[in-house]
Amino acid sequence: MTEQALAVGVAPATVRRETAVAGSVPKFEISEWRERFGVVAGITGRGGESAPFDLGLAGANTSVGQVMGRWRRFRESVPEFPGVVVSQQVHGTAVLWHDVAAGLTILDAADGHATSTPGLLLGVTAADCVPVYLIDPIRRAVALLHAGWRGTAGGILARGVELLLARGSVVDNLLIHCGIGICGSCYEVGSEVFIGCGVAVPPAGRGWLDVRSVLVRQARELGVENVSTSPFCSMHDQPLFFSHRASGGADGRMVAYLGLSK
Ligand SMILES: [Zn+2]
């Protein structure tokens, strides 16, 4: 827990650790959710140094053919999901509802997706921004958000919760997990980020912000008690994950994913 996280003034969330999944595709998942709820929640990793598992759709590191080849391997590793939906991410707050589980769908600008359709895997790309997983195991609905500081400041978590409630979920049944992103010891930012996230600006005008702790506070304000955070940091755990900041913008992208397998 960082000083900055304390400054946000929220009780720490439960730590929920993603575990590595065996296989040729580097993946980390919340195994407890798969076993208890039939919910698949995870994120791809960096992979081997000689062949990084970059899934970035807008990256300049590798050819489109190589990226799509990795997407094919990723999809083959989740055969219970005939449908996958992702979109161009714009650090906004739009969250889209989906009903169809078929094929790979790449949509225009949106930073969140939600569904109650089994077999549809929601995806967001990330490399420091926080993937936020929302699940309602009773209603059997899920939402996945891409939350950097702009999306967090803009209220994408509230949009995601509102959409699930509008589709029949009850707030008491929601679980929220703030996944693998940059931690409060690695994310040095300026005053505009603190102001946007509703956190006191440090006297120096710059400082370290834990975006996940801001999301935890927001979740609690929305009435969600069951909130957890990942112990991993995309930056200081860079051997395992891609980090935009640690690489000076040169790294690839991971895909966070969430879906109902049955
Ligand atoms: Zn860190």
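Before reading further, recall that the structure is shown in the block above.
Conventions and cut-offs
Residue indices begin from 1 for each chain and proceed along its sequence in written order. Local features are withheld for residues below a pLDDT of 70 in this predicted model, meaning they are given only at 70 or higher, and side-chain atom pairs are given and counted only at 80 or more; totals for whole chains, interfaces and linings count all residues. Computation of side-chain values covers all heavy atoms of the structure but excludes hydrogens and water. Only runs of H or I of at least four residues qualify as helices and only runs of E of at least two qualify as strands under DSSP, and these elements are numbered from the N terminus. Buried, partly exposed and exposed residues are distinguished by accessible area as a fraction of the type maximum, computed with a 1.4 Å probe on protein chains only: under 20%, between the cut-offs, and over 50%, respectively. When DSSP finds two or more bridges between two strands, those strands count as paired. Whether two residues are in contact is decided by their heavy atoms, any of which lying within 4.5 Å being enough. Angles shown run from 0 to 180 degrees and are taken between the N-to-C directions of axes, each axis being a line fitted to C-alpha atoms and, for helices, limited to the stretch in contact. We call an atom a donor if it is N, O or S and sits within 2.8 Å of the metal, or 3.2 Å for Na, K and Ca. Water is not counted, so some sites may look partial. Labels for metal geometry use angle windows, namely 85 to 135 degrees for all angles of a four-donor tetrahedral site, and for square planar (four donors) or octahedral (six donors) sites opposite donors over 155 degrees apart plus all others within 65 to 115; sites meeting none of these are irregular. Pairing of N or O atoms within 3.5 Å defines a polar contact, subject to two protein rules: one partner must be a possible hydrogen donor and the other a possible acceptor, and residues neighboring in sequence count only if both atoms are side-chain atoms. Any carboxyl oxygen of Asp or Glu that lies within 4 Å of a side-chain nitrogen of Lys or Arg is treated as forming a salt bridge with it. Take the buried residues of types Ala, Val, Leu, Ile, Met, Phe, Trp, Tyr and Cys, join any two whose side-chain atoms come within 4.5 Å, and each joined set is a nonpolar core.

**Student:** Describe unusual backbone geometry, with residues and values.
**Tutor:** A positive phi is found at His91, a non-glycine position, where the angle reads about 60°. Along the polypeptide, His91 turns up in the loop between strand E5 (83-87) and strand E6 (95-98). Residue His91 is classed as partly exposed on the basis of its relative accessible area of 38%. Backbone geometry places Arg140, a non-glycine residue, at a positive phi of 60°. With respect to the helices, strands and loops of the structure, Arg140 is situated in the loop between strand E10 (130-136) and strand E11 (141-147).

**Student:** Which residues make up the sheet that holds strand E1 (residues 14-15), and what are the values?
**Tutor:** Overall, mixed pairing links the 7 strands, which are arranged E1-E15-E12-E10-E11-E8-E6 in an open sheet. Each having just a single partner strand, E1 and E6 make up the two edges of the open sheet. Examined bridge by bridge, E10 and E11 share 7 bridges and lie antiparallel to one another. From the neighbouring strand, Asp136 faces E11, where its bridge partner is Ala141. Against the sheet, helix H5 (residues 156-166) contacts E6, strand E8 (112-115), E10, E11 and strand E12 (175-178), and its axis sits at roughly 165° relative to E11. Against the sheet, helix H7 (residues 211-221) makes contact with E10, E11, E12 and strand E15 (226-229), and its axis sits at roughly 175° relative to E15, the strand it touches most.

**Student:** Describe the pairing of E5, and please don't skip the residues or the numbers.
**Tutor:** Most of E5 sits inside the fold, with 5 of its 5 residues counted as buried. Side chains Gly83, Val85 and Ser87 project from E5 onto one buried face, and the interleaved Val84 and Val86 project onto a second face that is buried too. Taken together, the 5 bridges between E5 and strand E7 (residues 103-107) define a ladder with parallel strand orientation. Note that in E7 the partner of Gly83 across the bridge is Gly103.

**Student:** Could you give an account of the coordination of the zinc ion, with specific residues and numbers?
**Tutor:** Looking at the metal site, the zinc ion is ligated by Cys183 (SG), Cys186 (SG), Cys233 (SG) and His236 (ND1), spaced 2.1 to 2.4 Å from it. Around the zinc ion sit 4 donor atoms; with metal-centred angles ranging over 102 to 117°, the donor geometry is tetrahedral. The motif formed by the donor residues of the zinc ion, counted along the single chain, is C-x2-C-x46-C-x2-H. With Cys186 in the loop between E12 and strand E13 (188-190) and Cys233 in the loop between E15 and strand E16 (254-260), the pair connects residues that are 47 residues apart, well separated along the chain. Accessibility assignment for this pair places Cys186 and Cys233 in one class, buried.

**Student:** Explain the side chain of His113 to me, using residue names and the numbers behind them.
**Tutor:** When you line up the elements, His113 lands in strand E8. The exposure class of His113 is buried, given its relative accessible area of 0%. Here the side chain of His113 touches Ser87 through a polar contact of 3.0 Å, side chain to side chain. Residue contacts for His113: discarding those within four places in its chain leaves Val85, Val86, Ser87, Val95, Leu96, His98, Leu122, Gly123, Val124, Val142, Ala143 and Leu144.

**Student:** Now, about the sheet that holds E16: what can you tell me, with residues and values included?
**Tutor:** Taken together, the 7 strands give an open sheet; going across it, the order is E2-E3-E4-E16-E9-E5-E7, and neighbouring strands pair in mixed fashion. Two strands bound the open sheet, and with one partner strand each, they are strand E2 (19-21) and E7. For this sheet, the mean angle separating the axes of adjacent strands, direction not counted, is 25°. Across 3 bridges, the pairing between strand E3 (residues 27-29) and strand E4 (residues 39-44) is antiparallel.

**Student:** Account for the pattern of salt bridges, naming residues and giving values.
**Tutor:** Within the structure shown, the criterion is met by 8 salt bridges. By sharing partners, the salt bridges in this structure join Arg16, Glu32 and Arg36 into a single network.

**Student:** Break down the nonpolar core for me, citing the residues and quoting the values.
**Tutor:** By size, the foremost hydrophobic cluster in this structure holds 38 residues, and its most contacted members are Val132, Leu134, Leu157, Leu164, Ile176, Leu209 and Leu215. At the level of secondary structure, the elements contributing two or more residues to this core comprise E6, E10, E11, H5, E12, helix H6 (191-196) and H7. Apart from the residues lying within four places of it in its own chain, the contact partners of Val132 are Ala143, Leu144, Leu145, Ala147, Leu157, Ile176, His177 and Leu215. One finds Val124, Tyr133, Ile135 and Ile180 within the second-largest nonpolar core, a separate group that totals 25 residues.

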